[in-house]
Amino acid sequence: MSSPRKIRMGMVGGGPGSMIGPIHRAAANLDGQIELVCGVFSSKPEVSRRLGRELFLATERCYASFEDMMEREAQLSPDERMDFVAVVTPNDLHFPVARLALQHGFHVLSDKPATLNFSEAEQLAQCVKESGLLYGLTYTYAGYPMIKQARDMVREGGLGRVRKVLVEYPQGWLSQAGIEDESKQAEWRLDPARSGASTCVGDIGSHAAHLGEYVTGSAINAICADLGAVVESREMDDDATILLRFENGARGVLIASQICAGEENNLKIRVYGEAGGLEWNHTDPNTLLFKPLDRNAQIIRAGGPEMTPLAAANCRTPGGHPEGYLEAFANHYRNFAGQVRARLENRAPTESEADVPGLPDALRGMRFIESAVKASASEQKWYSLPDIPFLQESTS
Ligand SMILES: NC(=O)c1ccc[n+]([C@@H]2O[C@H](COP(=O)([O-])OP(=O)(O)OC[C@H]3O[C@@H](n4cnc5c(N)ncnc54)[C@H](O)[C@@H]3O)[C@@H](O)[C@H]2O)c1
């Protein structure tokens, strides 16, 4: 029997004017499984409190700092306190907030990149292991039903052995010098102390790499990278082209760029095996193209009759009713809340509930970002990504 209450969420970040905070809140609300009970939405307590009031939170649960929030929530009775913390701050705070939340007994659902650097990701892994709590990561695009369909089709052998991955994520919003003086989002993304070693790979290349790994079910283990600041006088990279090699032997190309003037979020992935290819475009996310070698191409649609059970479990409407970004995000929220509920009910999570990017994705993502920067700076053609002992331990 299902536990008779909503899963309680606290939020850190996502204040007025933030990009992703309102999207997280909408996604958390979509399925009626989660209730926002507390938060610290800004580094300015009065701004945080104002938003808390607008969201109808109890005054005493609009906290002045995340430290205060963890301490005071932990003192509340188990019937009242939050179950998990959503982390939607700039990157430099992801690890400090996640660590403190875990230390105080709260599960964590963080936005990406998981941490500021790989060393913090290793520390995070330790904290998660010690706490025994849940950790999820909102790599948004893995939440789309047709991406889950693609993953299933690869896993079920529909393409044969995967040999080529082409993944591209061009944006244009950092095309001009001085954008950091106009845009709050650009300001911290172009500051290495708040963003990490890379702007472009950290911000969107990490999504592309995750998508490639998620769909193929194989990790990237070597790269040849060219990162650069196309806009003059910029310290941080705004453009990246990276050749990939995957553990399963597939080769690939990843393009991530924030200076492709005129582009919005034109993410696209193509995966080719011995027997055919798959293509998915973020601009038409409910369509997956399957191009078999020996038959005509097929269109597979979200909500249609050919969805795998995992894709179907992450779809809400009948075919032809567009689902998109909010629903993909909501899938991660609903599935993560399902994991929390499974703990409350002392049962194993379902396949769909378990299918939220987590700690292995966090570690691989931070390894990829850091390696891309190192590979680009090196004269060596191929750069092998270092082993992650935690991953070996956790799978052995
Ligand atoms: N998954 C995705 O598709 C996706 C998309 C966009 C952004 N992101 C990630 O989400 C995070 C936030 O990005 P954004 O574009 O929304 O940034 P933003 O600058 O728009 O918002 C950041 C928010 O964090 C708040 N904040 C800063 N310091 C704080 C503190 N000490 N305590 C509480 N709140 C604090 C700010 O006041 C602001 O409201 C980043 O890590 C980014 O990489 C992910």
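Right, let's walk through the structure included here. This one's a predicted model, so the numbers in the text were calculated from it and none came from an experiment. (Residues numbered from 1 in each chain as written. Predicted model: local features only at pLDDT ≥ 70, side-chain atom pairs only at ≥ 80, totals over all residues. Heavy atoms only, no water.)

As a further point, take the pattern of salt bridges. Summed over all chains, the structure comprises 22 salt bridges. Across the salt bridge formed by Lys112 and Asp203, the nearest N and O atoms sit 3.6 Å from each other. Linking Lys112 in the loop between strand E4 (107-110) and helix H5 (118-131) with Asp203 in helix H10 (residues 200-216), this pair joins segments that are 91 residues apart in sequence. When sorted by exposure, Lys112 lands in the same class as Asp203, which is buried. A salt bridge links Lys148 to Asp355; its shortest N-O distance comes to 2.6 Å. Taken as a pair, Lys148 in helix H6 (residues 145-155) and Asp355 in the loop between helix H13 (351-354) and helix H14 (359-377) lie far apart in primary sequence, 207 residues in all. A single burial state applies to Lys148 and to Asp355, both of which are buried. (Salt bridge = Lys/Arg side-chain N within 4 Å of Asp/Glu carboxyl O. Helix = DSSP H or I, 4+ residues; strand = E, 2+ residues; numbered from the N terminus. Buried < 20%, exposed > 50% of the residue type's maximum accessible area, 1.4 Å probe, protein only.)

All right, on to the layout of surface pockets then. Taken as a whole, the largest pocket spans an internal volume of roughly 1100 Å³. Lining the largest pocket are 45 residues, with Ser18, Val88, Thr89, Pro90 and Trp188 positioned closest to its centre. Contributions of two or more residues to the lining of the largest pocket are made by strand E1 (7-13), helix H8 (184-189), H10 and helix H12 (325-344). Looking at which element gives the most residues to the lining of the largest pocket, the answer is H8, with 5 residues. Partitioning the lining of the largest pocket into residue classes produces 21 nonpolar, 16 polar and 8 charged. (1 Å grid on protein atoms, 1.4 Å probe; cavity = no way out; pocket = protein on both sides within 12 Å on 5 of 7 lines; lining within 4 Å. Points joined across faces, edges and corners; volume = space filled by probe spheres on them. Nonpolar A, V, L, I, M, F, W, Y, C, P; charged D, E, K, R; others polar.)

Counted by the stated rule, this structure contains 6 aromatic pairs. Ring geometry for Tyr325 against Phe329: centres 5.5 Å apart, planes inclined by 85°, an arrangement best described as edge-to-face. One end of the pair is Tyr325 and the other is Phe329, both in helix H12 and 4 residues apart, which spans about a single turn. Exposure remark for Tyr325: the relative accessible area of 24% places this residue in the partly exposed category. With relative accessibility at 1%, the residue Phe329 sits in the buried group. One aromatic cluster in this structure is built from Tyr141, Tyr144, Tyr169 and Trp280. (Phe/Tyr/Trp six-rings, centres within 6.5 Å; stacked < 30°, edge-to-face > 60°.)

Shape is all these values report; function is a separate question.
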